[in-house]
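# Architecture at a glance
As a plain string of letters, each chain reads:
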Amino acid sequence: MLFALTTRGDAPRGLAKLNRNGVPSRAILLGTLFGYGTVVMSYVSPDTVFAFLVNSYGTVAIFVYLLIAVSQLRLRSRLEKEDPARLGVRMWAYPYLTYLAIAGMLGVLLAMAFIPNSEHRSCSA
């Protein structure tokens, strides 16, 4: 993955260097070291690492959907002006439903920022 990112200019060029066998050994070594680091962290503090991963993924996913909704507003209005015949599927309640979705996602992100993390409690039977 790191090697592929270097070909697009999204990672440092030094990771694109191949060894004499044509293997991106620097990229593989860095990725492997990162993997080992995460394994060590999961043993040192398993509850913290798991909570961080779950929370960070959720935040990123909501943010991506938020950007998709904003893009839909901007691109659809442009398409309606330039070539309305290309709109094959019409969304009902447009643009109000999109604004409602954006408000909901912003509300979730805001709640995530201010509601304290709930502690993981195990149940004993």
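The preceding data block contains the structure.
What counts, and at which threshold
What you see as residue numbers is a count from 1 along each chain, following the sequence as written. Since the coordinates come from a predicted model, pLDDT governs what is reported: local features require at least 70, and pairs of side-chain atoms require 80 or more to be given and counted, while whole-chain, interface and lining totals use all residues. With hydrogens and water excluded, all non-hydrogen atoms of the structure serve as input to the side-chain values. Each reported salt bridge corresponds to a side-chain nitrogen of Lys or Arg within 4 Å of a carboxyl oxygen of Asp or Glu. Only DSSP runs of H or I with at least four residues qualify as helices, and only runs of E with at least two residues qualify as strands; both kinds are numbered from the N terminus onward. For every residue, the accessible area (1.4 Å probe, protein chains only) is compared with the maximum for its type, and the residue is labelled buried under 20%, exposed over 50%, or partly exposed between those bounds. Aromatic pairs are defined between Phe, Tyr and Trp rings, using the six-membered ring for Trp, whenever the two ring centres lie within 6.5 Å; interplanar angles under 30 degrees are classed as stacked, those over 60 as edge-to-face, and all others as tilted. The criterion for a charge sitting over a ring is simple: Lys NZ or Arg CZ within 6 Å of the ring centre, and within 35 degrees of the ring normal.

### Re the pattern of salt bridges
The final tally for this structure, using the stated rule, is two salt bridges. Here Arg-76 and Glu-80 are joined by a salt bridge, their closest N and O atoms 2.9 Å apart. You can see Arg-76 and its partner Glu-80 sitting in helix α3 (residues 46-82), four residues apart, about one turn around the helix. We classify Arg-76 as buried; its relative accessible area is 11%.

### Things to note about the packing of aromatic side chains
Summed over all chains, the structure comprises zero aromatic pairs. The ring of Tyr-94 is capped by Arg-76, whose NZ or CZ atom sits 3.9 Å from the centre of that ring.

### Notes on the side chain of Thr-98
With respect to the secondary-structure elements, Thr-98 resides in helix α4 (residues 96-114). For Thr-98, a relative accessible area of 4% gives the class buried.

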